[in-house]
Amino acid sequence: MKKKLYFRAAAFVLGAALLLFSGCQTSDTEKQTDTTNPLVLTGWKPDAGEPWNFTPTLGNVGEDAEKYDFEITLEQTVYSGVPDSISYTLVNKTGEPFYTCGEFIEKAYSNPFPPYFDEVSAAWIRIPYYRTPIWAYCPDSEVDGKIVLSQFLEEDFTFTPGDYRIIFFLSDGPHYVYFEITEP
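What this report covers is the structure whose coordinates are included nearby. (Residues numbered from 1 in each chain as written. Predicted model: local features only at pLDDT ≥ 70, side-chain atom pairs only at ≥ 80, totals over all residues. Heavy atoms only, no water.)

1. Section: the environment of alanine 123
Note the threshold: Numbering of helices and strands starts at the N terminus; helices are DSSP runs of H or I of at least 4 residues and strands are runs of E of at least 2. Burial classification: accessible surface area is computed with a 1.4 Å probe over protein chains only, and a residue below 20% of its type maximum counts as buried, one above 50% as exposed, and the rest as partly exposed.
Note that alanine 123 resides in strand β5 (residues 122-126). For alanine 123, a relative accessible area of 17% translates into the label buried. In this structure, the C-alpha to C-alpha distance between alanine 123 and alanine 108, residues 15 residues apart in sequence, is 5.7 Å.

Quick look at the structure:
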């Protein structure tokens, strides 16, 4: 008799839970309403097969922090149209040499994720700009460089108007500088 009562109680609780939670679900078509954003249509997933999605770190990041005080300046920060290249100056204001590991580029997107991630209203998303992350020693405390935008694009990516940032990987971690493209 007790077994039947336990079985009925468990069945009742299970049935009530199924009814309760079935009302919370929406269909995939309801979730994917923004047809102008390709990230919404596919949903975001980390792509372990694409190396530009990952951040290289130097083995001793955080050690000897007093040796680093980086300042990165761009020759220009606003472009009307897509520039061929972006020139920069990188200075360690302490005068010490340092390590660097190339650059990645990210673009700011509004509402980049499907509606069920309501708390994420904007995000920086890496574009497929990729240089093999090899740590290089910079014996001077100042480096002038140039990033040729088309040189390391790994896929067919089109720079569109918006906010971008370049990530420089340095001895003490990543550093960001920002630029904007105002016209296609």
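2. As for the sheet that holds strand β1 (residues 70-74)
For clarity, the cut-off: Pairing between two strands is assigned when DSSP locates at least 2 bridges connecting them. Convention adopted: a line fitted to C-alpha atoms gives each axis, helices being fitted over their contacting stretch, and angles between N-to-C directions are expressed from 0 to 180 degrees.
The 3 strands are arranged β1-β3-β7 in an open sheet whose pairing can be described as antiparallel. Looking along the sheet, the strands with just one partner apiece sit at the ends: β1 and β7 (142-148). In this sheet, neighbouring strand axes are inclined to one another by 20° on average, regardless of whether the strands run parallel or antiparallel. Examined bridge by bridge, strand β3 (residues 85-92) and β7 share 7 bridges and lie antiparallel to one another. Looking across to β7, one finds that valine 91 is bridged to glutamate 142.

3. Remarks on a nonpolar patch on the surface
Just so we agree on the cut-off: Patch membership requires over 30% relative accessible area and the absence of a salt bridge. Like charges are linked within 9 Å, and nonpolar side chains (Val, Leu, Ile, Met, Phe, Trp, Tyr) within 5 Å. Per-residue and other accessible areas were derived by the Shrake-Rupley procedure at a 1.4 Å probe size, with only the shown protein chains allowed to occlude residues. What makes a salt bridge here is a side-chain nitrogen of Lys or Arg within 4 Å of a carboxyl oxygen of Asp or Glu, nothing more.
Nonpolar side chains collect at one region of the surface, where Trp124, Tyr176 and Tyr178 lie side by side and expose about 290 Å² of accessible area between them. You can see tyrosine 176 is positioned in strand β9 (residues 173-183).

4. A look at the pattern of salt bridges
Under the definition given, this model contains 4 salt bridges. Close ionic contact of glutamate 71 with lysine 93 constitutes a salt bridge, the shortest N to O distance being 4.0 Å. With glutamate 71 in strand β1 and lysine 93 in the loop between β3 and β4 (98-110), this residue pair connects regions lying 22 residues apart in the sequence. Here lysine 93 falls in the partly exposed class, since its relative accessible area comes to 48%. Put simply, glutamate 106 and arginine 126 hold a salt bridge, and the shortest N to O gap is 3.2 Å.

5. Examining the pairing of β4
Pairing between β4 and strand β6 (residues 136-138): 3 bridges, direction antiparallel. Directly across from threonine 100, in β6, lies its bridge partner alanine 136. The pairing of β4 with strand β8 (residues 162-170) spans 6 bridges and is classified as antiparallel. Counterpart to glutamate 103 in the pairing with β8 is phenylalanine 168. Sheet topology note: the β4/β5 ladder contains 5 bridges and is antiparallel. Each bridged residue has a counterpart across the sheet, and for lysine 107 the counterpart in β5 is isoleucine 125.

6. Describing the side chain of arginine 126
Rules: Contacts described as polar in this section are N or O atom pairs within 3.5 Å, which, within protein, must combine one atom able to donate a hydrogen with one able to accept it, while residues neighboring in sequence count only if both atoms come from side chains.
Looking at where arginine 126 falls in the secondary structure, it is placed in strand β5. Note on arginine 126: relative accessible area 14%, which makes it buried. Separated by 3.2 Å, the side chains of arginine 126 and glutamate 106 make a polar contact.

7. Some details on the side chain of serine 171
When you line up the elements, serine 171 lands in the loop between β8 and β9. Accessibility expressed as a relative area gives 3% for serine 171, which makes it buried. Among the polar contacts listed, one links the side chain of serine 171 to the backbone nitrogen of tyrosine 99, at a separation of 2.8 Å.

8. Things to note about the nonpolar core
Defined as follows: Residues belong to one nonpolar core when they are buried, are Ala, Val, Leu, Ile, Met, Phe, Trp, Tyr or Cys, and are joined through side-chain atoms within 4.5 Å. In this description, contact between two residues means that some pair of their heavy atoms is separated by no more than 4.5 Å.
Ranked by size, the top nonpolar core spans 24 residues in total, and within it Ile166, Phe168 and Phe179 carry the most contacts. Looking at this core, the elements that each hand over two or more residues are β1, β3, β4, β8 and β9. Per-element accounting of this core gives the leading share, 4 residues, to β8. Setting aside residues up to four positions removed in sequence, phenylalanine 179 forms contacts with Leu74, Thr77, Tyr79, Ile86, Gly162, Asp163, Tyr164, Arg165 and Ile166. Ranked by size, the runner-up nonpolar core spans 5 residues in total, among them Cys101, Phe104, Ile167 and Phe169.

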